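# Secondary and tertiary structure notes
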Amino acid sequence: MDPRLNPYTPNAGARPPALVGRDHQLLGFEVLLERLRGGGTEQSMIITGLRGVGKTVLLGAFREIALKLRWAAVEAEITRHGDFGERIAQLTRRALLQVAPRSRWRERARRAAACLQSFSLTFSPEGAISLGVDIDAVEGLADSGSLVEDLSDLFVALGEAAREHETGVVFLFDEVQFLEVREFEALIAALHRTVQRSLPITMVGAGLPQIPRLAGEAKSYAERLFTFPTIGPLPAPAAAEALTSPAAALGVSFAPEAAQRVVDYTQGYPYFLQEYGKTVWDQAEASPIDPQLVTACVELVEAKLDGSFFRVRAERTTELELRYLRAMAELGSEPQRASDVARVLRRTSNQLGPTRSRLIEKGLLYTPGFGLAAFTVPQFDRYMIRNHSLRPGISR
Ligand SMILES: Nc1ncnc2c1ncn2[C@@H]1O[C@H](COP(=O)(O)OP(=O)(O)OP(=O)(O)O)[C@@H](O)[C@H]1O
Ligand SMILES: [Mg+2]
């Protein structure tokens with residue numbers, strides 16, 4: 001088929017031509033905004049899921065809904081060791097300008113701008129934000145130096161500005177597993193404050209299953225403020241639709257057995273579906289696409305996945321970390337016990353503890369249960385076995 005017309009989107013965060021299987025979350029988000037705008041309360045959500053299941057795409061779809069409902073929506077990807085204070089200040093500035101252009105700011109919006117000045121002087125004096133308006137910082141607001149207190153002041157001021165202008169503000173945070181505990185706690189405390197005041201401001205997050213561990217009060221607030229829905233691979237019928245409908249829209253069909261083979265190989269994982277669909281499209285010479293072609297494309301698909309999706313995940317790992325991952329792969333795709341992995345490497349779990357922790361910190365592994373670790377990247381075991389030998393130096 002004409003590669004110029006190829007409808008598939010195997011790229012991080014790229015909106016697929018058919019966003020299937022996420023209606024429940026999309027509706028939930030719309031309800032959340034409508035209820036907050038009406039002065040009600042509603043639990044927000046933090047979406048978790050493995051790599052490549054469509055979290056970023058979903059946040060993008062949320063943003064579109066927010067804009068359609070005339071909310072201010074600002075997005076950020078959390079990075080490890082990022083400057084959180086400065087990031088929040090920048091986002092708040094953007095949100096405030098979306099709430100209303102400067103020339104139309106009323107009292108509450110001006111106050112939020114003053115609060116933002118204080119906040120940014122407190123948390124990022126270097127990158128002090130220029131709002132381009134002559135508004136001084138306010139004394140006693142967002143200037144205590146305590147992130148919890150000052151972020152709460154800032155969110156309340158921003159929420160009040162939004163309410164004054166009959167709109168709302170939603171923060172969309174991607175890769176929330178990289179938030180530090182104190183940052184996550186501050187966000188939770190700030191949102192708790194705005195919920196108490198029924199302000200139209202909220203935060204929706206997405207990230208790996210490894211959400212920062214909260215303790216005590218912060219934990220119980222988090223459980224009241226958020227639901228934690230998991231998104232995963234698409235069930236077989238939805239996966240088949242994600243594969244076939246973009247082609248159908250261009251007059252190309254899949255033989256049922258051909259679609260089935262793609263669904264089986266990909267196990268319904270959205271990224272793999274897009275990569276497989278794209279490859280098959282480029283190779284196909286006729287419609288309907290037949291099962292033999294699908295099977296003949298496996299190697300090409302794997303080469304592409306290995307060179308992009310998997311490789312970027314495996315980058316920035318040390319030799320020992322790679323060996324750890326390879327040993328896990330030897331045991332299979334399921335969650336594995338530290339002691340079993342250690343046995344494969346002929347070491348003790350204690351010796352390998354730091355390696356395992358670093359892999360969790362880097363987002364390559366997560367801990368689904370006590371003493372267990374699993375890959376955050378679907379089918380990573382197959383990738384490791386294809387590309388790395390268990391005993392380096394001895395060829396496979
Ligand atoms: N519901 C869906 N139906 C079909 N394809 C989808 C769907 N959601 C996402 N995709 C496709 O899956 C791929 C991965 O999406 P996305 O980047 O949002 O995943 P992610 O969960 O954010 O991954 P990561 O954890 O690596 O950031 C993209 O190529 C996207 O086009
Ligand atoms: Mg993503």
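It should be emphasised that the depicted structure is a prediction, and the values quoted were computed from it without experimental measurement. (Residues numbered from 1 in each chain as written. Chains lettered and ligands numbered in written order. Predicted model: local features only at pLDDT ≥ 70, side-chain atom pairs only at ≥ 80, totals over all residues. Heavy atoms only, no water.)

### Notes on the packing of aromatic side chains
What counts here: Between rings of Phe, Tyr and Trp, where Trp is taken as its six-membered ring, a pair exists when centres lie within 6.5 Å; planes separated by under 30 degrees are stacked, by over 60 edge-to-face, and by other angles tilted. In this scheme, the term charge over a ring applies when either NZ of a lysine or CZ of an arginine sits within 6 Å of the ring centre and within 35 degrees of the ring normal.
With the rule as written, the count across this model stands at 15 aromatic pairs. In this structure an aromatic cluster arises from ring pairing among Y269, Y271, F272, F309, F310, F375, F380 and Y383. We note R313 situated over the ring of F309; from NZ or CZ to the ring centre the distance is 5.2 Å. The aromatic ring of Y265 is capped on one face by R382, whose charged end is 5.2 Å from the ring centroid.

### So, the site of ligand 1
Applied cut-off: Any residue with at least one heavy atom within 4 Å of a molecule or strand is counted as near it. Polar contact criterion, stated in full: a pair of N or O atoms within 3.5 Å, where within protein one must be able to donate a hydrogen and the other to accept it, and residues adjacent in sequence count only if both atoms are side-chain atoms. Every accessible area reported is derived by Shrake-Rupley at a probe size of 1.4 Å, with residue values counting cover from the shown protein chains alone. The helix and strand labels rest on DSSP assignments: H or I over at least four residues marks a helix, E over at least two residues marks a strand, and numbering proceeds from the N terminus. Under the convention adopted here, Pro, Cys and the residues Ala, Val, Leu, Ile, Met, Phe, Trp and Tyr are nonpolar, Asp, Glu, Lys and Arg are charged, and Gly plus all remaining residues are polar.
In the vicinity of ligand 1 lie 26 residues, with T9, G13, A14, K55 and R313 positioned nearest. A distance of 2.9 Å is found between an oxygen atom of ligand 1 and a side-chain nitrogen or oxygen belonging to R51. Within the backbone of G54, an N or O atom sits 2.9 Å from an oxygen atom of ligand 1. Relative to its unbound accessible area of 630 Å², ligand 1 is 98% covered by the protein chains. Broken down by secondary-structure element, the contributors of at least two residues to the shell around ligand 1 are α2 (55-68) and α10 (270-283). Considered class by class, the residues forming the shell around ligand 1 number 14 nonpolar, seven polar and five charged.

### Notes on the pattern of salt bridges
The condition that has to hold: What counts as a salt bridge is simple: a side-chain nitrogen of Lys or Arg found within 4 Å of a carboxyl oxygen of Asp or Glu. Exposure is judged per residue with a 1.4 Å probe applied to protein chains only, and the accessible area is read against the type maximum: over 50% gives exposed, under 20% gives buried, and values in between give partly exposed.
In the structure shown here, the tally under the stated rule is 17 salt bridges. For R63, the salt bridge is made with E75, and the minimal N-O distance between the two is 3.3 Å. Linking R63 in helix α2 with E75 in strand β2 (residues 72-77), this pair joins segments that are 12 residues apart in sequence. Classification of R63 as partly exposed rests on a relative accessible area of 30%. One connected set of salt bridges, linked through shared partners, spans E302, D306 and R386.

### Observations concerning the domain arrangement of the protein
How big an interface is tends to be reported as the loss of accessible area on association of its parts. The line we're drawing: For the purposes of this description, domain bounds are those given by an automatic or database domain assignment. What makes two residues a contact is simply this: any of their non-hydrogen atoms within 4.5 Å. Buried area is calculated as the accessible area (1.4 Å probe) missing from two parts once they are joined, with the contributions of both summed.
Segmenting the protein into domains produces domain 1 (3-12 + 234-311), domain 2 (23-227) and domain 3 (316-387). On a C-alpha basis, the centroid separation for the pair domain 1 and domain 3 is 29 Å. At the junction of the two partners, domain 1 supplies 10 residues and domain 3 supplies eight residues. Around 830 Å² of area is buried between domain 1 and domain 3 when both sides are counted, 53% of it from carbon and sulfur atoms. For the domain 1 face of the interface with domain 3, the top three residues by lost area are Y265, D306 and F310, together amounting to 55%. Summed over the shared surface of domain 1 and domain 3, the result is two salt bridges. Between R386 and E302 there is a salt bridge whose closest N-O contact spans 3.3 Å.

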